[in-house]
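Observations on the model geometry
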Amino acid sequence: MVVKIMLKQHIGAPDTPIVKKGDEVKKGQLIAEPAGLGANIHSSVYGTVSEVTGDAITIDAASEQPDEYVKIKPTDDILEAIKEAGVIGAGGAGFPTHVKLKADLKDGVVIANSAECEPTLHHNITFVEKDPNTVIRGLKYAMEVTGSKQGIVAIKPRHAQAVRALEAAVKDEKNIEIKFLPDLYPAGDERVIVREILGIDLTPGELPLKAGAVICNVETLKNIARAVEERRPVITKDVTAGGRLKDAKTGKVFLDVPIGIPAKVLIDKCGGYVEPHGEIIAGGAFTGKHGSEDMPITKTLGGVGVAMPFPNEKRKVGILGCECGAQQPRLKEIAKGMGAEVVAAVNCKRMEDIGKGRLRCNKPGVCPGQAESVLQLKKMGAQVLLVGSCQH
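We now turn to the structure provided with this report. (Residues numbered from 1 in each chain as written. Predicted model: local features only at pLDDT ≥ 70, side-chain atom pairs only at ≥ 80, totals over all residues. Heavy atoms only, no water.)

Glancing now at the overall build of the protein. Counting its regular elements, the protein contains ten helices and 21 strands. Taking 392 residues into account, the globule formula puts the C-alpha radius of gyration at 21 Å, and the protein, at 21 Å, falls close to it. When each of the 392 residues of the protein is scored for burial, the buried share is 53%. Contacts spanning at least 24 positions in sequence make up 68% of the contacts within the protein whose residues lie at least 6 apart. As displayed, the protein has an accessible area near 17,700 Å², and 50% of this comes from carbon and sulfur atoms. Side chains of the protein carry 52 positive and 49 negative charges; the gap between the two charge centres is 4 Å. (Helix = DSSP H or I, 4+ residues; strand = E, 2+ residues; numbered from the N terminus. Rg over C-alpha atoms; globule rule 2.2 N^0.38 Å. Buried < 20%, exposed > 50% of the residue type's maximum accessible area, 1.4 Å probe, protein only. Contact = heavy atoms within 4.5 Å. Areas by Shrake-Rupley, 256 points an atom, 1.4 Å probe, with all protein chains shown as cover. Lys, Arg positive; Asp, Glu negative; His and termini not counted. Charge placed at Lys NZ, Arg CZ, Asp CG, Glu CD.)

Below, the structure written as structure tokens:
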């Protein structure tokens, strides 16, 4: 198998390779280092480097893949272990965790984000159900390194099995509690979590730290625990595959998928396609992007979805972008796939430009109603609408 490990799997610049073509590498071996803001990248397999570019390191995986891996260097420093292991925000943001946890939270809180608000993804909840103790241990390490005396697990009450598992895991923990999020999209957005759990409204662009909080996705906490306890680098990713797949119509979870393997491997493990099928989606249904069979699994890719074929739409289309769901570039991509002509485009009125063209919702998860925007699009010549707002 050919494994392609991307050099940019995090916020910041691409990593700098420290291996070359022809090198033999081992699972867990450091193969690229950050040039600034970023995170270490390790090989997920035993094999031979076949190509090194500015974008990726390609490895021809050996036929035999032992479970053993190269461990990160010994350290008693939690933050150093997290940094060495290359832990980043596994929920999609990809912010380096060792940077995020450089915070003074002696009067603050660390929150475990177990919302998993993308409706097609289930791997976070599945892991919580299977191994809640690892999540709690990761949360305690995050609390220790930030000086926080309070931990919270934020979860939707409809995940009853996961809630019961967490309740058992925290029953003897005096400083950790479970709090419930509303069953809305995007409940996993950090500002929604701060609003619903702490009762503090953050403005667009403000980080949870403003409210005295640090928020970590449950898979990130899993990776923290492994880095500290097992000296294990981040070499796998939990992924949900679903959609027009024979054995995964409601989503099939794969835990610990080697980073860099192509999405087609998971598609095949789901029995292949249900025909007819449409595009492959990288990520969740709301915020995912156009993907392909050969796209590699990364530290932040949580979903491999296969959609229905696009309808053939010849009428003039107006698009309504949303920061919580699909923004204009993605909607235009979908319109192109439909063969439609985009004649008008507007954004939800809650979206604000926080600088350098970055758009953020001023109250995520609370749709203001779109009648005014719909009428505007109609006046601009739209015959049908393509909408990406959080309440649709």
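Further remarks concern unusual backbone geometry. Cis geometry is found at the peptide bond from Y185 to P186, where omega equals 5°. Tracing the backbone through its elements, the reader meets P186 in the loop between β10 (176-180) and α6 (190-198). Residues E275 and P276 are joined by a peptide bond in cis, for which omega reads -5°. Mapped onto the secondary structure, P276 falls in the loop between α8 (263-269) and β14 (280-282). In this model, D256 sits at a positive phi of 60°, which is unusual for a non-glycine residue. Taking relative accessible area as the criterion, D256 reaches 29% and is therefore assigned partly exposed. Here K356, not a glycine, exhibits a phi torsion of approximately 60°, which is positive. For K356, the location among the structural elements is in the loop between β19 (351-353) and β20 (359-361). Residue class for K356 comes out exposed when judged on its relative accessible area of 87%.

A word on the nonpolar core. Formed by 38 residues in total, the largest nonpolar core has its most connected members in L101, L139 and L221. For this core, the elements supplying multiple residues, two or more each, are α1 (78-85), β8 (109-113), α3 (123-130), α4 (132-146), β9 (150-155), α5 (160-170), β11 (213-217) and α7 (218-230). Broken down by element, the residue count for this core peaks at six residues, all from α4. In terms of nonpolar packing, the next biggest core, distinct from the first, is built from 33 residues, I5, I57, L245 and I297 among them. (Core = buried A, V, L, I, M, F, W, Y, C linked by side-chain atoms within 4.5 Å.)

Let's shift gears to the packing of α4 against α5. The contact between α4 and α5 brings their axes to 9 Å, and the two run at 55°. Relative to α5, the element α4 is oriented oblique. The handedness of the crossing between α4 and α5 comes out as right-handed. Packed against α4, whose contacting residues are P132, N133 and I136, the element α5 presents A165, L166, A169 and V170 at the interface. Its residues assigned to classes, the contact of α4 with α5 comprises six nonpolar, one polar and no charged. (Axes fitted to C-alpha atoms, helices over the stretch in contact; angles between N-to-C directions. Parallel < 35°, antiparallel > 145°, perpendicular 65-115°, else oblique. Left-handed = near helix turned anticlockwise from the far one by under 90°. Nonpolar A, V, L, I, M, F, W, Y, C, P; charged D, E, K, R; others polar.)

Where α3 contacts α7, the axes come no closer than 9 Å and their chain directions differ by 50°. Relative to α7, the element α3 is oriented oblique. Between α3 and α7, the residues in contact are H123, N124, F127 and V128 and V218, E219 and K222, respectively. Across the contact of α3 with α7, the residue classes tally to three nonpolar, two polar and two charged.

By the secondary structure assignment, S148 is in the loop between α4 and β9. Among the residues examined, S148 registers a relative accessible area of 8% and is labelled buried. Of the polar contacts made by the side chain of S148, one reaches the backbone oxygen of G108; its length is 3.0 Å. With residues near it in sequence (within four places) discarded, S148 still touches L105, G108, V109, V110 and M143. (Polar contact = N/O pair within 3.5 Å; in protein donor to acceptor, adjacent residues only side chain to side chain.)

With that settled, consider the side chain of D23. Within the secondary structure layout, D23 lies in the loop between β2 (16-17) and β3 (24-25). A distance of 2.9 Å separates a polar side-chain atom of D23 from the backbone nitrogen of K20. Non-local contacts of D23, meaning those with residues more than four positions away in its chain, are made with G47, T48 and V49.

What follows covers the pattern of salt bridges. For the structure shown, the criterion picks out 19 salt bridges. In this structure, R315 engages E313 in a salt bridge whose closest nitrogen and oxygen atoms are separated by 2.9 Å. When salt bridges that share partners are traced, they join K222, R226, D238 and D256 into one network. (Salt bridge = Lys/Arg side-chain N within 4 Å of Asp/Glu carboxyl O.)

For the rest of this paragraph, the subject is the sheet that holds strand β21 (residues 384-387). A sheet is described by the order of its strands in space; here three strands give the open sequence β18-β17-β21, paired in parallel fashion. Each edge of the open sheet carries a strand with a single partner, namely β18 (341-347) and β21. Each neighbouring strand pair of the sheet contributes to a mean axis angle of 25°, computed without reference to strand direction. The pairing of strand β17 (residues 316-321) with β18 spans six bridges and is classified as parallel. What sits directly across from G321, in β18, is N347. (Pairing = 2+ DSSP bridges.)

On to the pairing of strand β6 (residues 47-52). On a regular strand, one side chain projects to one face of the sheet and the next to the other, so that they alternate. For β3 and β6, the ladder comprises two bridges, and the chain directions are antiparallel. Its bridge partner lying in β6, V25 is registered against G47. Pairing of β6 with strand β7 (residues 56-61), which is carried by five bridges, proceeds in the antiparallel orientation. Considered in β7, the bridge of G47 is made with A61.

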